[in-house]
Structure formats: C-alpha cells, structure tokens
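Understanding the architecture of this molecule
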Amino acid sequence: MHKKLLIPGPTEVSLEMLQAQARLLIGHRSKEFSELYGGITAKLAKLFEIPADYQPTTTTSSGTLWFDIVGRSIVKKKALCCINGAFSKRFGEIVRGCGKPADFIEVEWGNVVKPEAVAEKLETGEYDTLTMCHNESSTGTRSPVTEVGELVKKDYPDVIFAVDSVSSMGGDRTLPHEMGVDILFASTQKCFALPPGLAIAFVNNKALERAREVPSRGGYTDILEIFKFEMKHQTPFTPNISLLYALDKRLDLMLEETYARIYQRHLDMAELTRKWARKHFEMFPEPGYESVTVSCVTNTQGKNVKELNQKLAERGLEISNGYGKLAEKTFRIGHMGEWTVAGIQQALDAIDEIWNLSR
Ligand SMILES: Cc1ncc(COP(=O)(O)O)c(C=O)c1O
C-alpha cells in the first residue's frame, strides 16, 4: 500500500503532477524550451512578488547545490554560518569544503541564532557572507531571518545574506526582498509538492556583483553562468525538462490558489498540529520559533515512534522519527505542499487511535 508522506520531504506528490512530466521531450536550446523556461521564471517572479533587483532561477539539482554555489561563487573572504541543526550545519561544512574560511555560531538544537548574536560577530568586520537556515527540518525550528535581514541591510550592507529555505519556500511566507535576503533557495520536493530534482532560487544584483569578484567559481556552481543563460531563458547545462513541465503546472495551481491562501493553509495546518502536540506532548522548538511546515514534537510520553510508523503504514500514512540524535526523543510531522487541514486531522486521529490518546 502507498504510504502518504507526512515527512518533512519528499512530500506527497499528486498523480496530476507526476503525469504532468509525461510529455515528449524538446531540445533545451529550442524556442519551445525558452518559452517554457521563461514562463516558469515569470510565474516565480509573480508568485513571490520579485522586485526588479532580484531574479529567479531554477537549477537541475537538489537544494544542496546552493550550499556549494554560495561556497564557490559568493564567499570571498570569510563566512559566518548560523547553525541550529543538521542542515544549517551541512551548509557551514560545505562552505568550508569549498575551501573557504567559515566561522560557526552554533546553538542547541531546537533553539535559533538570534540577531544580537549575529550582530556581535558581524561587528568584527571579518565576514563578507552570512548563512542561515530559515526552516531547520531536523528540529522543526524557524529562524528569525527577517530580523537578521533587517540588521544586515542596515548595518552590514556589504555582507551577502544567503538563506536555505528548502523546506519553507512556497508554504511559509518567504519573499526574499521582504526578508532582506540576497540569496534564497529551495527544493521542489518540499512545499512545491513535486518530485525531487529541481532547486528554485532568488538572487539579487548585490549577490551577482559579489560573484564577479570571486575567482574559481567552478562549473555547475558558477552563479554568473547560471544568470548569463537566464537572460536567454535557458540553463547552462541540460536541465530536467520533464520536471520543468510539472513545475510549470504547479506554479499555475499556486497562482490560482494565491500566495496568501497557501500561506494561510500552512499556518492552519501548523496550528492544528501544534495544538494536538501541546495537548499530549510538547513542541520541541523554543517557544515562538516553531516551523510552519514541519512540526517537531518532543516525545514526553516515551512512546515508540518506530512502531507507530509501522502501524501508520497499515493505514497508508508515514510520519518521521526524530532526526539523527533526536530519534525516538522527538518525532516530526510534515504539513506542506498539497496537504490540507482535513488530511492532517485524519493523520492526527490515526495517531490518537494507535497510541490511545484521549481526543
Ligand atoms: C532545511 C533543509 N536544507 C537542505 C536540505 C537538503 O535539500 P536537498 O535534499 O534538496 O538537497 C533539506 C532536505 O531535507 C532540508 O530540509
């Protein structure tokens, strides 16, 4: 039996989206392709209200490519990486792996790096790049990106602020200019409810200007090449054309639902899950920083999460155990993409029944 995915990605993908990929291929240097790809870029700009100094792009990669792009194309002198979980740590480690110096501000999992801590480090003048993860999927924690973005814009305008929005973009409200972020990126298998294989990014002119000063940007990681081809509504290398067909369709559906309603639906799903979690358990993130797309619940009752998932599987559902060291100590419910309040309620009812929790 198929298990509907309530994990923090990949999330459930409808047959309609899977079938949208099943079209005959076109050459990626053809006029038809430029029409398809240019249309996608225009739809992304419309949905995310992108101003003139930003550009959207779509890379054939998972989201992690953008950790490398930041490491290779953006960091010139030294990066400051905010770390509060597994993915933000990976971001920092990849920047270092690209051969660039990087200092980490690391807080306990479940907490977030606060603007004051960032300001204290940026004040040294040592850094030209700041990295952060908006929605730490390993801990269900939402970082105060907008507050940090305001600080960077006001006091450190030469610093490029690059943010992983992999599991929040398109569910939570993530307009790059509103958040004060210079590079914001995500993967299609999360809130866009598509198969994995594409990453979507918004990049501003300030970030591209920086890249011009950075040598050895690599090939696939050269942000200037990506945007050189973007001008022609093309990609530097052969893209996943089939998945772009599905993205085109997905963006039509998102524009039809509207950004405001998508965000509200995600807020409603998060609110429902948090209320349920607080009734029976506790939320893992520090209060006020709970994710809108992934709820991470502290397993205060010491229930067996692995067994729960085996029983949920018989009902065609799958949630996530805690990430890494948090396995069995926490569990995570992903509520993103095409999920609705009614669907999440059904899943919570199933957990109530399996674990004999009072309604
Ligand atoms: C917050 C976050 N960042 C980065 C990644 C890595 O994304 P990808 O697997 O698309 O490379 C994930 C994947 O789960 C994630 O949740």
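Residues numbered from 1 in each chain as written. Predicted model: local features only at pLDDT ≥ 70, side-chain atom pairs only at ≥ 80, totals over all residues. Heavy atoms only, no water.

Segmentation of the chain into domains returns domain 1 (4-11 + 259-355) and domain 2 (17-256). In this structure, domain 1 and domain 2 have C-alpha centres spaced 26 Å apart. Summing both partners gives a buried area of about 2,500 Å² for domain 1 against domain 2, and 60% of it is carried by carbon and sulfur. For domain 1, the biggest contributors to the area lost against domain 2 are Y259, Y289 and Y323; these three give 30% of the whole. Scanning the region where domain 1 abuts domain 2 turns up 2 salt bridges. (Domains from an automatic or database assignment. Buried area = accessible area lost by both parts, 1.4 Å probe. Salt bridge = Lys/Arg side-chain N within 4 Å of Asp/Glu carboxyl O.)

Secondary-structure assignment places G27 in the loop between α1 (15-20) and α2 (31-47). Each C-alpha atom of the pair G27 and P239 lies 9.9 Å from the other, and the pair is 212 residues apart in sequence. (Helix = DSSP H or I, 4+ residues; strand = E, 2+ residues; numbered from the N terminus.)

Turning to helix α8 (residues 205-212), a few remarks are in order. Listed in full, the buried residues belonging to α8 are A207, L208, R210 and A211. Within α8, the buried residues cover an arc of 155° as seen down the axis, which keeps them to one side. (Buried < 20%, exposed > 50% of the residue type's maximum accessible area, 1.4 Å probe, protein only. Arc of directions from axis to C-beta.)

Attention shifts here to the site of the ligand. Taken together, 14 residues form the shell around the ligand, and within it S62, T64, S137, D164 and K190 come nearest. At 2.5 Å, a side-chain N or O of D164 approaches a nitrogen atom of the ligand. S187 is positioned such that a nitrogen or oxygen atom in its side chain is 2.7 Å from an oxygen atom of the ligand. Expressed as a share of its isolated accessible area of 390 Å², the protein-covered part of the ligand is 88%. For the shell around the ligand, the residue count by class is 4 nonpolar, 8 polar and 2 charged. (Near = heavy atom within 4 Å. Polar contact = N/O pair within 3.5 Å; in protein donor to acceptor, adjacent residues only side chain to side chain. Areas by Shrake-Rupley, 256 points an atom, 1.4 Å probe, with all protein chains shown as cover. Nonpolar A, V, L, I, M, F, W, Y, C, P; charged D, E, K, R; others polar.)

This part covers the sheet that holds strand β10 (residues 199-204). Pairing is mixed in the open sheet, where 7 strands are placed in the order β2-β10-β9-β8-β5-β3-β4. Across the chains shown, the open sheet's two edge strands, defined by having one partner strand only, are β2 (54-59) and β4 (102-106). Sheet twist, expressed as the average angle between the axes of neighbouring strands with direction ignored, equals 15°. Note that β2 and β10 share 6 bridges and pair antiparallel. Counted as the bridge partner of P56 is F202 from β10. Docked against the sheet, helix α6 (residues 145-155) engages β5 (129-133) and β8 (160-164), running at close to 170° with respect to β8. Helix α9 (residues 223-230) rests against β2, β9 (183-187) and β10 of the sheet, and its axis sits at about 100° to β2. (Pairing = 2+ DSSP bridges. Axes fitted to C-alpha atoms, helices over the stretch in contact; angles between N-to-C directions. Contact = heavy atoms within 4.5 Å.)

What follows is about the pattern of salt bridges. Applying the stated criterion across every chain, the model contains 22 salt bridges. In this structure, D128 and R210 form a salt bridge, with 3.4 Å as the shortest nitrogen-oxygen distance. In this pair, D128 sits in the loop between α5 (115-122) and β5 while R210 sits in helix α8, placing the two residues 82 residues apart along the sequence. Comparing D128 with R210, the two get one shared label, buried. If you follow the salt bridges from partner to partner, you end up with K43, D248 and D252 in one network.

Let us look at the pairing of β9. Most of β9 is tucked away, with 5 of its 5 residues classed as buried. Taking every second residue as pointing to the same face, both faces of β9 are buried, with I183, F185 and S187 on one and L184 and A186 on the other. Note that β8 and β9 share 3 bridges and pair parallel. Residue D164 lies in a different strand from β9, and its bridge partner there is F185.

Moving on, we get to unusual backbone geometry. With an omega of 0°, the peptide bond running from G9 to P10 counts as cis. Checked against the element boundaries, P10 lands in the loop between β1 (4-5) and α1. A positive phi is found at A193, a non-glycine position, where the angle reads about 50°. Topologically, A193 is positioned in the loop between β9 and β10. For A193, a relative accessible area of 0% translates into the label buried. At H233, a residue that is not glycine, the phi angle is positive and equals roughly 55°. On the secondary structure map, H233 appears in the loop between α9 and α10 (241-257). By relative accessible area, which is 35% here, H233 ends up partly exposed.

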